[in-house]
Amino acid sequence: MLFTSYAFVAFVAVVAVLYYVLPKKAQWPLLLLASYVFYFIAGPSFLIYITATVVSTWYAGLRIGRIGAAHAADAEAGKATRSKEDRKAVKAKAKAKAKAKQRAWLVACLLFNFGILAVVKYSNFAIFNVNSLLAAFGSPDKLSFLTIALPMGISFYTFKTMSYLIDLYRGKFPAERNVFRLALFTSFFPQLVQGPISRFDDLSKSLFEEHRFDRRVVLSGLQRILWGFFKKLVIADRILAGVTTLIKNPDQYTGAFVLVGMLFYALQLYADFTGGIDITIGISEMLGIKVAENFNAPFLSRNITDYWRRWHITMGTWFRDYIFYPMSVAQPMLRLSRWCREKLGEGFGKRVTVYMATIVTWFATGIWHGSSWNFIAWGLANGFVIILSHECEPLYKRFHARFHWKGKPAYTAFEVVRTVLLMSSIRLFDCYRDVPLTFRMFGTMFTTFNYGRLFDGTLLKIGLSGADYAVLGVGLAVLIGSRVVKDRTGDFRERLAAGPAWVRTAATFALILAILVLGAYGIGYDAKQFIYNQF
Amino acid sequence: MDELLRILTKLHPDVDFTGRADLIDAGVLDSFDIISLVAEVDSVFDVRIPAEEIVPENFNSAVALYAMIQRLADE
């Protein structure tokens, strides 16, 4: 059931009506039922996977919580019986013992759940690589590929539940005792498909509290949903035909057309993914539930680090908090850093562990996106550029000390364009899905001087007509205009909510009309899959 | 505290760390700086900062950072 299908719109409408009509105590159980129905429609067998994740995480969480509680009770009892000096040593020993027990449950649950993810998502990639190696050594043997369907949203919900468990282990909050509540946190249907990857302490309060009907809140949520549909149907799905033609015919479209395809894909992915997240946040808002924002104008970033603070924020912070930081500050890494500082110099010692953690984190980010080499190359390319820009920082500082351009509008515009081009170039790995082909096509941008062909009408033969370009122009203008308004006057929807009712209603109907008139439908219209659904 | 300010100033000589409470929120310290800081604190103060302590509240100001170091040293 795709977000842009009529069935999904009807599903959300029924859930929203029941949510506010039924007694408030039934609100979160209704959402759990709706989420499981939504998941059942996607694939009945998928319920087994998600239920295994919920139950294993819930049980491990309970055990971790109990060990923590028992340790706290022991420490309290010990206070009265021991001297002050003894108490500190005994406390540290008992804490270490309790932590070790908790860690055993944590590790077992992480292995179980990431094991499921590894089997369903990466088995065939591993088999493909083993077969390639066998063939390279001249062996006629081949392993058979597994026929396991990839459960929808498994990467997202696994990350969500594992963050719950790690945060619980870290003592951030007590264990959730009610397995059904944890089941709703895991399966909440608006964010099951493509995130955001919410944290338990961030989402749970508004997810489980009772909400009364508030017309303004519901209308505001509805407007956010419509904004998401606008991005998806008017921009992403319309430009799709052009992107597909340019990318699927690499021999025909080289040089200038690679640049156009790259920029078109950047726009498509942005409209598709942020549109999907707008729909998720809008549905949640309609139900009174606050879901974390996932984007903050990423195409206004001034460098790659800034970009990753603004794009897919919840995924970036997940990898930062659960891989990058723990790996960087682990004792063996700190020891390695110290050793390198003493033996190989201060600069090298400082860099070595951070760069190792960066490479591992970006490798993991790449493979999280998909089980193929192009995603690994995409992740490593990001890591490489981040390290390179870090290495170039002294150069930048010298440059800015000499030329006082930093902060000036023209230089800021240059930084923004540079970042858009850089990030779009790296994303070519995602476009062509073939590492050698990506390098070849990237190279043709600088070796095939066919930029004049951009104006000979070829771009009108790639599945996009003049009318399509006009609609895309309008869509892009609305996208940029909305951002300019937001920057100058604050949140547009908040201002709209504070204004007269007729303006709110007119704006909502204008958005509906724009989606109906400008959306990419036509004969044989088929709702297009969201790009991030596949991850 | 002076030792900590020395470490911070070595990371960013152009920043006045005594008066700022937005080091993370304003992007003054990025994740690379934080890891360098954790390594320095480990070697200078002999205090291990675990990953769960790397949150903006502990790194937004020199005062908060120092309070965390003292708390971890006491544990």
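Because the structure is predicted, anything quoted here is derived from the model rather than measured. (Residues numbered from 1 in each chain as written. Chains lettered and ligands numbered in written order. Predicted model: local features only at pLDDT ≥ 70, side-chain atom pairs only at ≥ 80, totals over all residues.)

A. Structural detail: the overall build of chain B. Regarding its fold elements, chain B presents four helices and zero strands. Its helices and strands taken in sequence order, chain B reads α-α-α-α from the N to the C terminus. A compact globule built from 75 residues should have a C-alpha radius of gyration of about 11 Å, and chain B, at 11 Å, falls within 12% of that. Seen along its three principal axes, the alpha-carbon backbone of chain B occupies a region of about 30 × 20 × 20 Å. A buried classification covers 29% of the 75 residues belonging to chain B. For chain B, the share of sequence-separated contacts (at least 6 apart) that also reach a separation of at least 24 residues comes to 60%. (Helix = DSSP H or I, 4+ residues; strand = E, 2+ residues; numbered from the N terminus. Rg over C-alpha atoms; globule rule 2.2 N^0.38 Å. Buried ≥ 20, exposed ≤ 12 C-beta atoms within 10 Å, placed from the backbone. Contact = placed C-beta atoms within 7 Å.)

B. Quick look at the overall build of chain A. What chain A contains, in helices and strands, is 21 helices and zero strands. Taking 2.2 N^0.38 as the reference for a compact globule, 535 residues should give roughly 24 Å; the C-alpha atoms of chain A span a radius of gyration of 26 Å, in line with that estimate. Viewed in the frame of its principal axes, chain A has a C-alpha envelope of about 90 × 70 × 65 Å. Burial statistics for chain A: of 535 residues in total, 36% are counted as buried.

C. Representation of the confidence of the model for chain A in the model. Looking at chain A as a whole, the pLDDT averages 90, with 95% of positions reaching at least 70. The weakest mean pLDDT in chain A belongs to helix α20 (residues 492-498) of chain A at 72; the strongest belongs to helix α6 (residues 179-187) of chain A at 97. (pLDDT = per-residue confidence, 0-100.)

D. View of the interface of chain A and chain B. Residue-level contacts link 15 residues of chain A with 14 residues of chain B. Broken down by secondary-structure element, the contributors of at least two residues to the side of chain A that touches chain B are α11 (313-328), α12 (331-344) and α13 (346-369) of chain A. The greatest single-element share of the side of chain A that touches chain B, amounting to five residues, is contributed by α11 of chain A. Along the lines of polarity and charge, the residues of the side of chain A that touches chain B split into six nonpolar, five polar and four charged. (Nonpolar A, V, L, I, M, F, W, Y, C, P; charged D, E, K, R; others polar.)

E. Highlighting the environment of Gln 223 of chain A. Among the secondary structure elements, Gln 223 of chain A is positioned in helix α8 (residues 215-248). Separated by 293 residues in sequence, Gln 223 of chain A and Leu 516 of chain A place their C-alpha atoms 15 Å apart.

F. Region of interest: the confidence of the model for chain B. This prediction gives chain B a mean pLDDT of 89; 100% of its residues lie at or above 70. What the predictor reports for the complex is a pTM of 0.89 with an ipTM of 0.90.

G. Highlighting helix α14 (residues 373-391) of chain A. All names here are of chain A. In a regular helix each residue adds 1.5 Å, so 19 residues correspond to 27 Å; α14 covers 26 Å between its end C-alpha atoms and thus fits that length. Along α14, the positions that sit buried rather than exposed are Asn 374, Phe 375, Ile 376, Ala 377, Trp 378, Gly 379, Asn 382 and Ile 386. Elements that come into contact with the buried residues of α14 comprise α10 (304-310), α13, α16 (409-426), α17 (428-432) and α18 (435-447). (Expected span 1.5 Å × (residues − 1).)

H. A look at the environment of Ile 34 of chain B. As for its position among the elements, Ile 34 of chain B is in helix α2 (residues 31-45). Measuring from C-alpha to C-alpha, the distance between Ile 34 of chain B and Glu 53 of chain B comes to 11 Å, with 19 residues separating the pair along the chain.

I. Broad picture of the packing of α8 of chain A against helix α19 (residues 466-489) of chain A. All names here are of chain A. In contact at an axis separation of 9 Å, α8 and α19 are set at 145° when each is read in the N-to-C sense. Judged by the sense of rotation from one axis to the other, the crossing of α8 with α19 is left-handed. Counted together, Val 234, Ile 235, Arg 238 and Ile 239 of α8 and Asp 468, Val 471, Leu 472 and Gly 475 of α19 form the full contact between these two elements. Residue classes in the contact of α8 with α19 are distributed as five nonpolar, one polar and two charged. (Axes fitted to C-alpha atoms, helices over the stretch in contact; angles between N-to-C directions. Left-handed = near helix turned anticlockwise from the far one by under 90°.)

J. Quick peek at the environment of Gly 443 of chain A. Looking at the element boundaries, Gly 443 of chain A is found in helix α18. With 188 residues separating them along the chain, Gly 443 of chain A and Gly 255 of chain A place their C-alpha atoms 8.0 Å apart.

K. Local environment of the packing of helix α5 (residues 154-169) of chain A against α6 of chain A. Residues and elements named next belong to chain A. α6 packs onto α5 with a crossing angle of 135° between their chain directions and a minimal axis gap of 9 Å. One finds that α5 runs oblique with respect to α6. Contacts between α5 and α6 involve Tyr 157, Lys 160, Thr 161 and Tyr 164 from the first element and Phe 185, Thr 186 and Ser 187 from the second. (Parallel < 35°, antiparallel > 145°, perpendicular 65-115°, else oblique.)

L. Up close: unusual backbone geometry. Residue and element names in this part refer to chain A. Here the amide bond leading from Gly 195 into Pro 196 is cis, since omega sits at 0°, within 30 degrees of zero. In this model, His 312 sits at a positive phi of 45°, which is unusual for a non-glycine residue. Tracing the sequence through the fold places His 312 in the loop between α10 and α11. We classify His 312 as buried; it has 23 C-beta atoms within 10 Å. One non-glycine residue, Arg 433, adopts positive backbone phi at about 55°. Following the sequence through the fold, Arg 433 ends up in the loop between α17 and α18.

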